[in-house]
Amino acid sequence: QVQLVESGGGSVQPGGSLRLSCAASGSISKINIMGWYRQAPGAQRELVASMTTGGSINYADSVKGRFAISRDDSKNTVHLQMNSLKREDTAVYYCNLGDYGKTVNNYWGQGTQVTVSS
């Protein structure tokens, strides 16, 4: 079983920055994708950014140039540096791990609130 624990959410003014972190524990295969999704009130959950073990990165168009994802495979952690935050970035952010071992499994963190408001 895999557990994901997020940290780093909070409130910030427009233009500010936050850094989210997610630590994965448990049985994790060597091939996986770690990333961040978000869900605003009344909206569907959407991909923010993801990164494979091979280093391939994918960003939502809305965050390109403002957010940066990174991972440390020695610690099974993934981070999301969020700069130039906008009100529309307000959402619950979820850490996600897509694990491609003998079976394919998808794991979620509990979510962390990010609020951008003046």
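Higher on the page you've got the structure.
Worth saying up front: this structure is predicted, and the values here are computed from it rather than measured.

Visitor: Hey, could you run me through the packing of aromatic side chains in this one?
Guide: Any aromatic ring pair is given by two values, namely how distant the centres are and how the planes are angled relative to each other. Overall, the coordinates contain two aromatic pairs when judged by the stated rule. With a centroid separation of 5.0 Å and an interplanar angle of 70°, the aromatic rings of Y37 and W108 are classed as edge-to-face. Linking Y37 in strand β4 (residues 32-39) with W108 in strand β10 (residues 104-108), this pair joins segments that are 71 residues apart in sequence. Judged by relative accessible area, which is 24%, Y37 ranks as partly exposed. With a centroid separation of 6.4 Å and 90° between ring planes, the pair formed by Y94 and W108 is classed as edge-to-face. Residue Y94 is found in strand β9 (residues 91-100), and its partner W108 is found in strand β10; the two are separated by 14 residues along the sequence.

Visitor: Help me out: how do you make sense of a nonpolar patch on the surface in this one?
Guide: On the surface, I31, Y100 and V104 cluster together to form a nonpolar patch covering roughly 310 Å² of accessible area. By the element assignment, V104 lies in strand β10. Judged by its relative accessible area of 60%, V104 is exposed.

Visitor: Where do I start with the nonpolar core in this structure?
Guide: The nonpolar side chains of soluble globular proteins are, as a tendency, buried together. The biggest cluster of nonpolar side chains holds 27 residues, and the ones touching the most others in it are L4, W36, V48, F67, L80, M82 and Y93. Excluding its chain neighbours within four sequence positions, the residues that come into contact with M82 are G16, S17, L18, L20, R66, F67, Y93 and V114.

Visitor: I'm lost on the environment of R66 in this one. Help?
Guide: Residue position: R66 is located in the loop between β6 (57-59) and β7 (67-72). A sequence separation of 15 residues divides R66 from Q81, and the C-alpha atoms of the two residues are 8.3 Å apart. Only 2.9 Å separates the side chain of R66 from the backbone oxygen of S62, close enough to count as a polar contact.

Visitor: Explain the sheet that holds strand β1 (residues 2-7) here, please?
Guide: In a beta sheet, neighbouring strands pair by backbone hydrogen bonds and run either parallel or antiparallel. With respect to topology, four strands assemble into an open sheet ordered β1-β3-β8-β7, the strand pairing being antiparallel. Of all the strands in the sheet, the pair left with one neighbour each is β1 and β7. Neighbour-to-neighbour, the strand axes of this sheet turn through a mean angle of 15°, independent of strand direction. With six bridges connecting them, β7 and strand β8 (residues 77-82) associate as antiparallel partners. Considered in β8, the bridge of D72 is made with T77.

Rules used in this analysis
- Residues numbered from 1 in each chain as written.
- Predicted model: local features only at pLDDT ≥ 70, side-chain atom pairs only at ≥ 80, totals over all residues.
- Heavy atoms only, no water.
- Phe/Tyr/Trp six-rings, centres within 6.5 Å; stacked < 30°, edge-to-face > 60°.
- Helix = DSSP H or I, 4+ residues; strand = E, 2+ residues; numbered from the N terminus.
- Buried < 20%, exposed > 50% of the residue type's maximum accessible area, 1.4 Å probe, protein only.
- Patch = residues over 30% accessible without salt bridge, like charges linked within 9 Å, V, L, I, M, F, W, Y side chains within 5 Å.
- Areas by Shrake-Rupley, 256 points an atom, 1.4 Å probe, with all protein chains shown as cover.
- Salt bridge = Lys/Arg side-chain N within 4 Å of Asp/Glu carboxyl O.
- Core = buried A, V, L, I, M, F, W, Y, C linked by side-chain atoms within 4.5 Å.
- Contact = heavy atoms within 4.5 Å.
- Polar contact = N/O pair within 3.5 Å; in protein donor to acceptor, adjacent residues only side chain to side chain.
- Pairing = 2+ DSSP bridges.
- Axes fitted to C-alpha atoms, helices over the stretch in contact; angles between N-to-C directions.

Function-wise, these values are silent; they only describe arrangement.
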